[in-house]
Amino acid sequence: MPPRLIAVSNRIPTGSPSSGGLVVALRDALSASGGLWIGAHPDPGTGLEEMEEVSGGGCRCLAFRLSEEEISDYYLGYANSVLWPLCHRRVDLVEMPSTYEERYRAVNARVAKLIAQVARPDDLIWVHDYHFFPLASELRALGLANRIGFFLHIPFPSLGDLSVLSQPEDFADWLADYNLLGLQTRGDVARCLEMYRADPRAEFMPDGTVKMQGRITSVRSFPIGIDVDHFRELAGVGGRNPFGREAPDGFVIGVDRLDYSKGIPNRFRAFGRYLKTRPEGTRPCLVQIAPPTRERVQAYQDITSELEEIAGRLNGAFAELDWTPIRYIHRSIDRSVLARLHRMARACAVTSLADGMNLVAKEFVAAQDPEDPGVLILSRFAGAAEDMTEALLVNPYDIEEMAAAIHQALEMPLDERRARHAACMEVVRRTDATRWAAQFLAALRTCMPTLSPQVAR
Ligand code: ADQ
């Protein structure tokens, strides 16, 4: 039996059959080790409760409840109005009331205490994402010497941008308490090492690890992926045409949470530019699925209005009585319908301004019929572009270049489509979610253990 795994993430699996690759990969790793998944309960509480068992996720899940203040200051506040824009190169959107940071530190300290009540000395602890940067420091302060790994799902911030934090030196310090720091791409690793190079407390060891005040951290990239076979199955299942009778014959699809990092307004503008110059007689269509998220944050309200305005303007200018060029759905849709849509689409536009990986790009590729595949248009600023170099790579700030890429994708000869798809599919398979989890955990198991955590400083 492998050592028991404790996974910690903001969300715990809810048992919905629409789970993505991350849930499947972690759930498998957790059940193989009799492990636990710890995360925030979907419903708020007082913030004082003990953890409770939550069923339905396919593994043992323990949930803590966040109070309304914690949701405002820790989750929507520090996590999503400071750290999210910081990591996505939007320091102009950072909001800094002092209660955000205080509550972020306090929630991490509280969650560490709850974890310490259930952790055994030889458990592996795998912490996910920016909601929990300081968690290892809090666990070490409680005396835990376990191997603790961290995986950052979003881009690693650049050194210059870190100055926006009230105590930027704490950031490197928090990360130094992890034995393994997993990032999405080689570019993220380079940015992280640049941060350590600028920090006089850090030393670089001959094996490539970073040593900071007695603590040794290995920094490596583990590009995340999807449950490929499951998504292919969903996409291939026959059944109802999601459009009813009148499916557009060659359409471009976009699927994103409605987030300013995803570059959706520029995508709409590029599609508008393409509409102006499109080949005569064609009636192209952009199907954009963008469910709302973090609606209480001002920046998300702004992007929602901006998108409605652009979609309305373009449809007003180009639509005809029997043709709507932009079909914009501001809701979540069933995963099997999503997979079918990907398979039917002639192209997918992923135009993120910054993105850790972007799983939609991988889902689109997985959903294609290899004999007659659609074309992936992919932003150079999405982590996925580091390996998927045979997609049509675009600069999401360059509207003309993106309009030209839409044209190229929709007109691309079959041989070229097949060759590009095969190369992308090879990457999608190589980075499949189960391998991703297995590689991270294998690396964590072999990390140098932390000596007595109190002695380490
Ligand atoms: P996200 O920012 O959420 O993830 P992404 O990687 O694209 O971005 O994953 C989104 C997931 O949600 C995909 O599986 C997609 O199919 C699904 N989804 C999106 N819109 C949907 C809709 N309308 N209905 C149903 N499902 C929908 C963060 C980082 C990414 C990183 C992932 C994983 O921002 O860069 O790739 O974590 O590490």
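Rules of the game
Residues numbered from 1 in each chain as written. Predicted model: local features only at pLDDT ≥ 70, side-chain atom pairs only at ≥ 80, totals over all residues. Heavy atoms only, no water. Helix = DSSP H or I, 4+ residues; strand = E, 2+ residues; numbered from the N terminus. Rg over C-alpha atoms; globule rule 2.2 N^0.38 Å. Buried < 20%, exposed > 50% of the residue type's maximum accessible area, 1.4 Å probe, protein only. Contact = heavy atoms within 4.5 Å. Areas by Shrake-Rupley, 256 points an atom, 1.4 Å probe, with all protein chains shown as cover. Lys, Arg positive; Asp, Glu negative; His and termini not counted. Charge placed at Lys NZ, Arg CZ, Asp CG, Glu CD. Salt bridge = Lys/Arg side-chain N within 4 Å of Asp/Glu carboxyl O. Domains from an automatic or database assignment. Buried area = accessible area lost by both parts, 1.4 Å probe. Polar contact = N/O pair within 3.5 Å; in protein donor to acceptor, adjacent residues only side chain to side chain. Pairing = 2+ DSSP bridges. Axes fitted to C-alpha atoms, helices over the stretch in contact; angles between N-to-C directions. Near = heavy atom within 4 Å.

**Let's talk about the overall build of the chain**
Then comes step 1: The helix and strand inventory of the chain stands at 15 helices and 16 strands.
Then comes step 2: What you see for the chain is a C-alpha radius of gyration of 23 Å, in line with the 23 Å of a compact globule of 457 residues.
Then comes step 3: Reported as C-alpha extents along the three principal axes, the dimensions of the chain are approximately 75 × 45 × 45 Å.
Then comes step 4: Split into buried and exposed, the 457 residues of the chain put 56% on the buried side.
Then comes step 5: Excluding contacts between residues fewer than 6 apart, the proportion of contacts in the chain whose partners are at least 24 apart in sequence is 75%.
Then comes step 6: Surface accessibility of the chain: about 18700 Å² in total, with carbon and sulfur atoms responsible for 51%.
Then comes step 7: Charged side chains of the chain number 51 positive and 60 negative; the gap between the two group centres comes to 3 Å.

**Details of unusual backbone geometry**
Then comes step 1: Phi at D129 takes a positive value of approximately 80°, unusual for a residue other than glycine.
Then comes step 2: Considering the arrangement of structural elements, one finds D129 in the loop between strand 5 (124-128) and helix 4 (135-141).
Then comes step 3: Take D129: its relative accessible area is 11%, and that puts it in the buried class.
Then comes step 4: Phi is positive for N358, which is not a glycine, with a value near 95°.
Then comes step 5: Locating N358 in the fold gives a position in the loop between strand 14 (347-350) and helix 11 (359-367).

**Some details on the pattern of salt bridges**
Then comes step 1: With the rule as written, the count across this model stands at 31 salt bridges.
Then comes step 2: The shortest N-O distance in the salt bridge between R60 and E53 comes to 2.7 Å.
Then comes step 3: Among the ionic pairs, E70 bridges to R110, the shortest N-O distance being 2.8 Å. Within this pair, whereas E70 is found in helix 2 (residues 68-87), its partner R110 is found in helix 3 (residues 98-118), the two being separated by 40 residues in sequence.
Then comes step 4: Residue class for E70 comes out buried when judged on its relative accessible area of 9%.
Then comes step 5: The network of salt bridges with common partners includes D173, D177, D199, R201 and R215.

**Remarks on the domain arrangement of the chain**
Then comes step 1: Taken as a whole, the chain is organised into domain 1 (5-222) and domain 2 (228-432).
Then comes step 2: On a C-alpha basis, the centroid separation for the pair domain 1 and domain 2 is 31 Å.
Then comes step 3: Every contact between the two is made by 23 residues of domain 1 and, on the other side, 19 residues of domain 2.
Then comes step 4: Here domain 1 packs against domain 2, burying approximately 1700 Å² in sum over the two surfaces, 54% of which is carbon and sulfur.
Then comes step 5: Ranking the residues of domain 1 by area buried against domain 2 places L76, W84 and R186 at the top, with a combined share of 27%.
Then comes step 6: In this structure, the connection of domain 1 to domain 2 is made through 2 salt bridges.
Then comes step 7: Its salt-bridge partner being E386, residue R186 comes within 3.5 Å of it at the nearest N-O pair.
Then comes step 8: At the boundary of domain 1 with domain 2, the tally comes to 9 residue pairs in polar contact (both at pLDDT 80 or more).
Then comes step 9: Sorting the residues of the side of domain 1 that touches domain 2 by element identifies helix 2 and helix 6 (186-197) as the ones contributing at least two each.

**Some points on the sheet that holds strand 12 (residues 285-289)**
Then comes step 1: Ordered by their spatial adjacency, 6 strands build an open sheet running 13-12-11-14-15-16, and the pairing between neighbours is parallel. Of all the strands in the sheet, just strand 13 (326-329) and strand 16 (392-394) have a single pairing partner and so form its edges. Taken pair by pair, the neighbouring strands of this sheet meet at an average axis angle of 20°, ignoring direction.
Then comes step 2: Sheet analysis places strand 15 (residues 375-379) next to strand 16, joined by 3 bridges and oriented parallel. Bridge pairing links I377 to L392 in strand 16.
Then comes step 3: Lying over the sheet, helix 8 (residues 264-277) contacts strand 11 (251-255), strand 12, strand 13 and strand 14, oriented at roughly 170° with respect to strand 12.

**A short note on the site of the ligand**
Then comes step 1: Residues in close proximity to the ligand total 21 residues, the closest being H153, D355, M357, L359 and E363.
Then comes step 2: Between the ligand and the protein, one listed contact pairs an oxygen atom with a side-chain N or O atom of H153 at 2.6 Å.
Then comes step 3: The contact in question runs from a nitrogen atom of the ligand to an N or O atom on the side chain of S332, over 3.3 Å.
Then comes step 4: Counting residues per element, the ones that place at least two in the shell around the ligand are helix 10 (335-344) and helix 11.

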